[in-house]
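# Chains, contacts and geometry: an overview
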Amino acid sequence: IAWNIRQNHPEKKVLYLSAEKFMYQFIRALRYKDTMSFKDQFRSVDVLMVDDVQFLCGRDATQEEFFHTFNALVDQGAQVIISADKSPNDLDGLEERVKSRLGWGLVAEMNPTNYELRLSILQAKAEAINFDVNQKVLEFVAQRISSNVRELEGALTRLAAHAQLVGREITVESANDA
């Protein structure tokens, strides 16, 4: 998503990080008495994306800062995109007011991809990296890897690298070996 936002809106300032990194940067700012720089960094973006927000659970001071950062961004019309392994209301250890803020927006459950979507992702990724690969190979990979999109894209990247190293077209057999 961050790449897509930057690609389509280069004027937007996008900040993407994990909740764990947000926490470490906040702790560092506290330790070095540099909270103003921290606030400036996080509250001056057009889009803030925080992955794995469940890592904030039980960390009261970090949740407090996240809460105020979230509010400041929303007040100035910025976008805040959050991911977690559960719905906000199901995150134990997350303050009610943070759950409430996260529930303001669109909460969407992401389900595992089906075969057709995995194949479409592989086709788009192959085109994006300019990798000319046989459709049967893409179908093979889409059938074999169903766990997550990162593994799917990683497999395609490995196949592209393998094809470049050996200087030959990838077949279903060589894809299976790779």
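Residues numbered from 1 in each chain as written. Predicted model: local features only at pLDDT ≥ 70, side-chain atom pairs only at ≥ 80, totals over all residues. Heavy atoms only, no water.

## Some remarks on the overall build of the protein
Note the cut-off: Secondary structure follows DSSP: runs of H or I at least 4 residues long count as helices, runs of E at least 2 residues long count as strands, and numbering of each begins at the N terminus. This radius of gyration counts C-alpha atoms alone. The globule rule is 2.2 Å times how many residues there are, raised to the power 0.38. Think of it in three bands: residues with accessible area under 20% of the maximum for their type are buried, residues over 50% are exposed, and the middle band is partly exposed, with areas taken using a 1.4 Å probe on protein chains only.
In terms of helices and strands, the protein carries 9 helices and 3 strands. For the protein, the succession of helices and strands along the chain, N to C, is α-β-α-α-β-α-β-α-α-α-α-α. For 178 residues, the compact-globule estimate of 2.2 N^0.38 gives 16 Å, and the C-alpha radius of gyration of the protein, at 20 Å, exceeds that figure by more than 25%. Referenced to the eigenvectors of the C-alpha coordinate spread, the extents of the protein come out at roughly 55 × 30 × 30 Å. Buried residues in the protein amount to 35% of all 178 residues.

## Looking at helix H7 (residues 135-144)
The following threshold applies: By definition, residues are in contact when any of their heavy atoms lie within 4.5 Å.
Listed as buried for H7 are Val137, Leu138, Phe140, Val141 and Ala142. In this fold, the buried residues of H7 make contact with helix H6 (115-128), helix H8 (149-166) and helix H9 (172-177).

## Brief notes about the layout of surface pockets
Leftover empty space is mapped by rolling, across the atoms, a probe with the size of a water molecule. Formally: Note on definitions: the grid is 1 Å and covers protein atoms alone; a cavity is a set of points where a 1.4 Å probe fits but cannot get out; a pocket is an open set with protein on both sides within 12 Å along at least five of seven lines; lining residues have an atom within 4 Å of a point. Grid points are joined across faces, edges and corners, and a volume is the space filled by probe spheres set on the points. Residue polarity is assigned by list, with Asp, Glu, Lys and Arg as charged and Ala, Val, Leu, Ile, Met, Phe, Trp, Tyr, Cys and Pro as nonpolar; anything else, Gly included, falls into the polar class.
Approximately 160 Å³ is the volume attributed to the second largest pocket. Those elements that provide at least two residues to the lining of the second largest pocket are H7, H8 and H9. Here the residues of the lining of the second largest pocket sort into 7 nonpolar, 1 polar and 2 charged.

## A look at the sheet that holds strand S2 (residues 47-51)
Within a sheet, adjacent strands bond to each other through the backbone by hydrogen bonds, running parallel or antiparallel. Applicable threshold: Two strands are said to pair when DSSP picks up at least two bridges between them. An axis is simply a line fitted to the C-alpha atoms; with a helix, the fit covers only the stretch in contact. Between two such axes, the angle follows the N-to-C directions and lies from 0 to 180 degrees.
A sheet is described by the order of its strands in space; here 3 strands give the open sequence S1-S2-S3, paired in parallel fashion. Of all the strands in the sheet, just strand S1 (14-18) and strand S3 (79-82) have a single pairing partner and so form its edges. Across the sheet, the axes of successive neighbouring strands diverge by a mean angle of 10°, strand direction being ignored. Bridging between S2 and S3 involves 4 bridges; their strand directions are parallel. Directly across from Met49, in S3, lies its bridge partner Ile81.

## A short note on the pattern of salt bridges
What counts is decided by this rule: Counted as salt bridges are all cases of a side-chain nitrogen of Lys or Arg within 4 Å of a carboxyl oxygen of Asp or Glu.
Using the criterion set out here, one finds 6 salt bridges in the structure. The partner of Glu64 in a salt bridge is Arg97, with the nearest N and O atoms 2.3 Å apart. Of this pair, Glu64 sits in helix H4 (residues 60-75) while Arg97 sits in helix H5 (residues 96-104), placing them 33 residues apart in sequence. With a relative accessible area of 29%, Arg97 lands in the partly exposed category. A salt bridge links Glu96 to Lys99; the nearest nitrogen and oxygen atoms lie 3.5 Å apart. Taken together, the residues span about one helical turn, with Glu96 and Lys99 both in helix H5 at a distance of 3 residues. Each of the salt bridges in this network shares a partner with another, and the network as a whole consists of Glu64, Glu95 and Arg97.

## Notes on the packing of helix H2 (residues 19-31) against helix H3 (residues 35-43)
Our working definition: Between 65 and 115 degrees an angle is taken as roughly perpendicular, under 35 as roughly parallel, over 145 as roughly antiparallel, and anywhere else as oblique.
Where H2 contacts H3, the two axes come as close as 8 Å, and the packing angle between them is 150°. Relative to H3, the element H2 lies roughly antiparallel. Between H2, through Phe22, Gln25, Phe26, Ala29 and Leu30, and H3, the contact on the second element is made entirely by Thr35, Phe38, Gln41 and Phe42. Taken together, the residues of the contact of H2 with H3 break down into 6 nonpolar, 3 polar and no charged.

## Description of unusual backbone geometry
With glycine set apart, most residues show a phi of negative sign, and most peptide bonds adopt trans. We note that Lys33 has phi near 50°; this positive angle belongs to a residue other than glycine. Residue position: Lys33 is located in the loop between H2 and H3. One non-glycine residue, Asn130, lies in positive phi territory at about 60°. With respect to the element layout, Asn130 can be found in the loop between H6 and H7. The exposure class assigned to Asn130 is exposed, which follows from its relative accessible area of 72%.

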